[in-house]
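# Topology and contacts: notes
Residue-level listing of the chains:
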Amino acid sequence: FARMFVQVCLYFYCKCLWRCLKFVVRKLTGQCELQRICYNTKPGAARTMKIEASLKGSKSKRLQTSVNVHPDAIEKTIDDIMELKRINPDVNPQLGVSLQACLLQIVGYRNLIAEVEKLRREPYDSENPQHEEMLLKLWKCLKPNSPLKARISKQWCEIGFQGDDPKTDFRGMGLLGLYNLVYFAEWDTEIAQQVLTDSLHPKYREVTKKELSQLSKAEWEKKKFDKAIGYSFAIVGINITDLAYNLLVSGALKTHFYNVAPEAPTLTHFQQTFCYLMHEFHKFWIDEDPLDIMEFNRVREKFYRRILRQLQNPEMALCPHFAASESLINM
């Protein structure tokens, strides 16, 4: 109880002290916190995340709710903020422009989560012609020289599905998994086909003397007969979709999107991020050189932690130009 009482006292003390400090700084500089952030922080994730935290932490309900407005109401919201903060827009024209850009990103990120969630919740329907068309497009992009003999076919295993009918594999991520795979195969075709080929026919990497000395006899016996470990391309794509989805809803991708999207991030930005994650996971899998496919979860978790660490850097942009990685082609 005593510890809890001290924590409560510290919370209110720090909260009051922080507000007092903000008041003093405003009197000394003649600028509110929003002005100081916009004028002293360069555009991108660093500025937008500070603006978002400032608005959410404000004692004014109008400022708190400004991060949840409809995109069409952003201009009116900016006017309300300027009026509430008693800022003359004619004297501070750049402030309105900066706040508008930040709010577009903040509101856009929230709307992107809703759009992605809607796709994730929509199940694949084999009776829906659009769903079937997308699935067939995935095959044509990945295997242009191998016609699909039938809709229900063991050929689907050639691109990494588990059975004769891929619809059962989309249960976890719904249409979102299919959308991402089709985008990867259609817009980054050369790399997607290369990753698919490598997943089916992984290249053997010689075991060094140092690595050999670290392997137990059982591990080495296993390694001899399983020299290169591939994986199921489509299933891994759906799994990486889940990874990208978790990064999005947790807010971790704010750093990336606020740095690459000058205004509101869109579904295309999310799909480009998925493509990047597929590129990077493929390289990471090869570098990790797992003993068997049972190590997939360990490798995936390690990869996820690495991406999270990268996104802690406010200047991080995972794929600023979305250029296909030449290193993959040459691998």
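Residues numbered from 1 in each chain as written. Predicted model: local features only at pLDDT ≥ 70, side-chain atom pairs only at ≥ 80, totals over all residues. Heavy atoms only, no water.

An unreviewed UniProt entry lists the protein chain under the name ELMD1 protein, with Bombycilla garrulus as the source organism.

## Overview of the overall build of the protein chain
Here is the rule: Working definition: helices are DSSP H or I runs of at least four residues, strands are E runs of at least two. Numbering for both runs from the N terminus. Whether a residue is buried, partly exposed or exposed follows from its accessible area with a 1.4 Å probe, protein chains only, as a fraction of its type maximum: under 20%, in between, or over 50%, in that order. Note on contacts: a residue pair qualifies if any of its non-hydrogen atoms lie within 4.5 Å across the two residues. Values of accessible area rely on a 1.4 Å probe in the Shrake-Rupley scheme; residue burial ignores everything except the protein chains shown.
Looking only at helices and strands, the protein chain features 16 helices and 0 strands. Burial statistics for the protein chain: of 331 residues in total, 44% are counted as buried. Within the protein chain, residue pairs in contact and separated by at least 24 positions form 69% of the contacts whose partners lie at least 6 positions apart. With the model as given, the accessible surface of the protein chain reaches about 18400 Å², and the carbon-plus-sulfur share is 55%.

## As for the pattern of salt bridges
What counts is decided by this rule: A pair is scored as a salt bridge if a Lys or Arg side-chain nitrogen falls within 4 Å of a carboxyl oxygen belonging to Asp or Glu.
Considering all chains together, one arrives at 19 salt bridges under this definition. For Lys254, the salt bridge identified is with Glu52, shortest N-O distance 3.0 Å. With Lys254 in helix H13 (residues 254-260) and Glu52 in helix H3 (residues 45-56), this pair connects stretches of sequence that are 202 residues apart. Like Glu52, Lys254 is buried. Of the charged contacts, one joins Lys283 and Glu280 as a salt bridge, the two residues approaching to 3.0 Å between their closest N and O atoms. Of the two residues, Lys283 and Glu280 both sit in helix H14 (residues 267-288), 3 residues apart, roughly one turn of that helix. On the basis of relative accessible area, Glu280 is assigned to the buried category, the value being 14%. Here the residues in one salt-bridge network are Glu288, Glu295, Arg298 and Lys302, joined through shared partners.

## Brief notes about the environment of Ala185
Turning to its location among the elements, Ala185 is positioned in helix H8 (residues 174-187). Considered as a pair, Ala185 and Leu138 are 47 residues apart in the sequence and their alpha carbons are 6.5 Å apart. Setting aside its immediate chain neighbours within four residues, Ala185 contacts Leu138, Cys141, Leu142 and Ala192.

## Points about the nonpolar core
Filter applied, for reference: Nonpolar cores are built from buried Ala, Val, Leu, Ile, Met, Phe, Trp, Tyr and Cys residues. Side-chain atoms within 4.5 Å join them into one set. Delimitation of the domains relies on an automatic or database domain assignment.
One finds Ile51, Leu138, Leu178, Leu247, Phe270 and Leu277 to be the most contacted residues of the largest nonpolar core, which totals 85 residues. The element contributing the most residues to this core is helix H6 (residues 93-121), with 11 residues. When residues of this core are sorted by domain, at least three fall in each of domain 1 (31-120) and domain 2 (126-312). Among residues more than four places away in sequence, those in contact with Phe270 are Leu112, Val116, Leu176, Asn180, Ala244, Tyr245, Leu248 and Phe257.

## Some words on the packing of H6 against H8
Test applied: In this analysis, axes come from line fits to C-alpha atoms, helices being fitted only over the stretch in contact, and the angle between any two N-to-C directions falls in the range 0 to 180 degrees. With respect to orientation, any angle under 35 degrees is reported as roughly parallel, any angle over 145 as roughly antiparallel, any angle of 65 to 115 as roughly perpendicular, and every other angle as oblique. Classification convention: Asp, Glu, Lys, Arg as charged; Ala, Val, Leu, Ile, Met, Phe, Trp, Tyr, Cys, Pro as nonpolar; all other residues, Gly among them, as polar.
Viewed as axis vectors pointing N to C, H6 and H8 meet at an angle of 105°, and their least axial separation amounts to 3 Å. In terms of orientation, H6 and H8 fall into the roughly perpendicular class. Only Gly174, Leu175, Leu176 and Tyr179 of H8 make contact with H6, whose side of the interface consists of Val116, Leu119 and Arg120. The residue inventory of the contact of H6 with H8, partitioned by class, reads 5 nonpolar, 1 polar and 1 charged.

## Thoughts on unusual backbone geometry
A positive phi angle, close to 55°, is found at Arg86, a residue other than glycine. One non-glycine residue, Asp289, lies in the positive phi region at around 50°. Relative to the elements of secondary structure, Asp289 occurs in the loop between H14 and helix H15 (296-311). Its relative accessible area of 18% is what places Asp289 among the buried residues.

## Brief notes about helix H7 (residues 129-142)
Keep this limit in mind: Helix span is expected to be 1.5 Å times the residue number reduced by one. Polar contact is defined as a pair of N or O atoms within 3.5 Å, subject to the rule that within protein one atom must be able to donate a hydrogen and the other to accept it, and that residues adjacent in sequence are counted only when both atoms are side-chain atoms.
The first and last C-alpha atoms of H7 sit 20 Å apart over 14 residues, in line with the 20 Å expected at 1.5 Å per residue. Among the residues of H7, His131, Glu132, Met134, Leu135, Leu138, Trp139, Cys141 and Leu142 are the ones counted as buried. Summarising the contacts, the buried residues of H7 are in contact with H8, helix H9 (189-200) and helix H12 (233-249). Among the residues of H7, the N-terminal cap falls to Asn128, whose side-chain oxygen and the backbone nitrogen of Gln130 are separated by 2.9 Å.

## Remarks on the environment of Asn246
By the secondary structure assignment, Asn246 is in helix H12. Given the relative accessible area of 28%, Asn246 is considered partly exposed. For the pair Asn246 and Tyr304, spaced 58 residues apart in sequence, the C-alpha separation works out to 9.8 Å. Among residues more than four places away in sequence, those in contact with Asn246 are Arg300 and Tyr304.

## Considering the side chain of Gln155
Within the fold, Gln155 resides in the loop between H7 and H8. Judged by relative accessible area, Gln155 falls into the buried class, the value being 10%. Not counting residues up to four positions away in its chain, the partners in contact with Gln155 are Trp139, Pro147, Leu148, Lys149 and Ala150.

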